[in-house]
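# Descriptive analysis of the structure
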Amino acid sequence: MSESAIRIAALLPDVLGTYSDRGNVTVLSQRARWRGLQVEETVVLAGSTPPVDCDLYLLGGGEDAAQQYAAEWFRDHRQLGATLAERATTLAICAGLQVLGEWMQDSSGTRTAGAGILPLTTTAGTKRAVGEVVSECGMPGVGLLTGFENHMGRTTLAAGVAPLGRTLSGVGNGGADGGGDGVLTSTVVGTYMHGPVLARNPALADALLQTVTGEPLPPLDLPDQEAVRRIRLGDGAAARPRRGRLGAARRS
Ligand code: GLN
């Protein structure tokens, strides 16, 4: 492994991989390479021992049974948990966010202990949250975030813990503590947004890379990216039921 390369690990894409969240790894890598930075990607499958020396770790979403497996996997790899809690930067999406918490309870009432890295708990709601979500990100310079949510879980953050963003439309955490999406700690960025979220929100990708490089990254001249972002913001900001590209009302 090169000393100077940014090391990015996709955690358990074989378990928590139903929503294309692995695309977040591609976005991070490509945006780093466009700046002339070296990147090394590692895929950590369920049967392997996770490396604890990576700079960035990514965890995606998945079904309830898959996330119960993932929670147990984390409890079996406590050194990885310490790395995520104390040193590396982690992006955790939906089930990934829930798994890193204290516990999660599914609709049958079964409670599963999480990895205990994040001060939050999750309980199944009565209605699935499906559709576009928009938030105002709490990370400096990132601005509005958009994504697609699809979850039963409602997440409550412990007192004093910050969400990643203030939810402007959609459900996000939907927990007892009010209108936030995800969580923001000193090492972990969590969100309910799929998309993949970093493809839809390049500024968030750059903010994550910056935690590794320690300095602002030079801007990229990508006109298509700006056009796509305008479409996404227009789509997400509209009230549900939303309008499709041809103007017809559509339901999720
Ligand atoms: N199974 C979890 C829930 O429904 C997470 C879903 C997801 O990752 N999209 O809340």
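The text that follows walks through the structure, step by step, so that each part is easy to find.

Here is what the cut-offs are and how they apply
Residues numbered from 1 in each chain as written. Predicted model: local features only at pLDDT ≥ 70, side-chain atom pairs only at ≥ 80, totals over all residues. Heavy atoms only, no water. Helix = DSSP H or I, 4+ residues; strand = E, 2+ residues; numbered from the N terminus. Rg over C-alpha atoms; globule rule 2.2 N^0.38 Å. Buried < 20%, exposed > 50% of the residue type's maximum accessible area, 1.4 Å probe, protein only. Contact = heavy atoms within 4.5 Å. Areas by Shrake-Rupley, 256 points an atom, 1.4 Å probe, with all protein chains shown as cover. Core = buried A, V, L, I, M, F, W, Y, C linked by side-chain atoms within 4.5 Å. Salt bridge = Lys/Arg side-chain N within 4 Å of Asp/Glu carboxyl O. Near = heavy atom within 4 Å. Polar contact = N/O pair within 3.5 Å; in protein donor to acceptor, adjacent residues only side chain to side chain. Nonpolar A, V, L, I, M, F, W, Y, C, P; charged D, E, K, R; others polar. Phe/Tyr/Trp six-rings, centres within 6.5 Å; stacked < 30°, edge-to-face > 60°. Lys NZ or Arg CZ within 6 Å of the ring centre and 35° of its normal. Pairing = 2+ DSSP bridges.

### Looking at the overall build of the protein
A tally of helices and strands in the protein yields seven helices and 14 strands. Its C-alpha atoms give the protein a radius of gyration of 17 Å, within 12% of the compact-globule value 18 Å for 252 residues. A principal-axis box enclosing the C-alpha atoms of the protein has dimensions of 50 × 50 × 35 Å. Counting the 252 residues in the protein, one finds 50% classified as buried. Put simply, 67% of the contacts in the protein that link residues at least 6 apart link residues at least 24 apart. Surface accessibility of the protein: about 11,500 Å² in total, with carbon and sulfur atoms responsible for 51%.

### So, the nonpolar core
Counting residues in each nonpolar core, the largest one holds 61 residues, and the members touching the most others are Leu-11, Leu-28, Phe-74, Leu-100 and Leu-198. Here Phe-74 is in contact with Leu-11, Leu-59, Leu-80, Leu-84, Val-99, Leu-100 and Ala-115, once residues within four sequence places are set aside.

### Looking at the pattern of salt bridges
A side chain with one charge may pair with a side chain of the opposite charge, provided their charged atoms come close. Tallied over the entire structure, the rule returns six salt bridges. As a salt-bridge pair, Arg-200 and Glu-132 come within 2.5 Å of each other at their nearest N and O atoms. Within this pair, whereas Arg-200 is found in helix α5 (residues 197-200), its partner Glu-132 is found in strand β7 (residues 120-137), the two being separated by 68 residues in sequence. Considered together, Arg-200 and Glu-132 belong to a single accessibility category, that of buried residues. Measuring nitrogen to oxygen at the nearest pair gives 2.7 Å for the salt bridge that ties Glu-136 to Arg-166. Highlighted residues: Glu-136 in strand β7 and Arg-166 in strand β9 (residues 165-169), separated in sequence by 30 residues. Given the relative accessible area of 36%, Glu-136 is considered partly exposed.

### Quick word on the site of the ligand
Neighbouring the ligand are 15 residues, the closest being Asp-64, Gln-67, Cys-94, Asn-150 and Gly-153. The backbone of Met-152 places a nitrogen or oxygen atom 2.9 Å from an oxygen atom of the ligand. Broken down by secondary-structure element, the contributors of at least two residues to the shell around the ligand are α2 (64-76), α4 (95-99) and β8 (144-157). In terms of residue count, β8 provides more of the shell around the ligand than any other element does, four residues in total. When grouped by side-chain class, the residues that make up the shell around the ligand number four nonpolar, eight polar and three charged.

### A closer look at the packing of aromatic side chains
Taken as a whole and judged by the stated rule, the model has one aromatic pair. Plain terms: the ring middles of Trp-73 and Phe-74 are 5.3 Å apart, the flat faces sit at 90° to each other, and that makes the pair edge-to-face. Of the two residues, Trp-73 and Phe-74, neither departs from the other in class, the shared state being buried. The ring of Trp-103 is capped by Arg-111, whose NZ or CZ atom sits 3.5 Å from the centre of that ring.

### What to know about the sheet that holds strand β3 (residues 56-59)
Spatially, β2-β1-β3-β4-β12-β11 is the arrangement adopted by the six strands of the open sheet, whose pairing is mixed. The open sheet terminates on both sides in strands that have one partner only, identified here as β2 (39-44) and β11 (183-184). Relative to β2, strand β1 (residues 6-11) runs parallel, the two being bridged by six bridges. Within β2, the residue paired with Ile-8 across the bridge is Glu-41.

### Thoughts on the environment of Gly-109
Considering the arrangement of structural elements, one finds Gly-109 in the loop between β5 (103-105) and β6 (111-113). Assessed through its relative accessible area of 41%, Gly-109 is described here as partly exposed.

### Here's the deal with the environment of Leu-164
With respect to the helices and strands, the residue Leu-164 is situated in the loop between β8 and β9. The exposure class of Leu-164 is buried, given its relative accessible area of 0%. A C-alpha to C-alpha distance of 8.5 Å links Leu-164 and Thr-185, two positions 21 residues apart in sequence. Filtering out sequence-adjacent residues up to four positions away, Leu-164 remains in contact with Glu-136, Cys-137, Gly-138, Met-139, Leu-145, Asp-181, Gly-182, Val-183, Leu-184, Val-189, Gly-190 and Thr-191.

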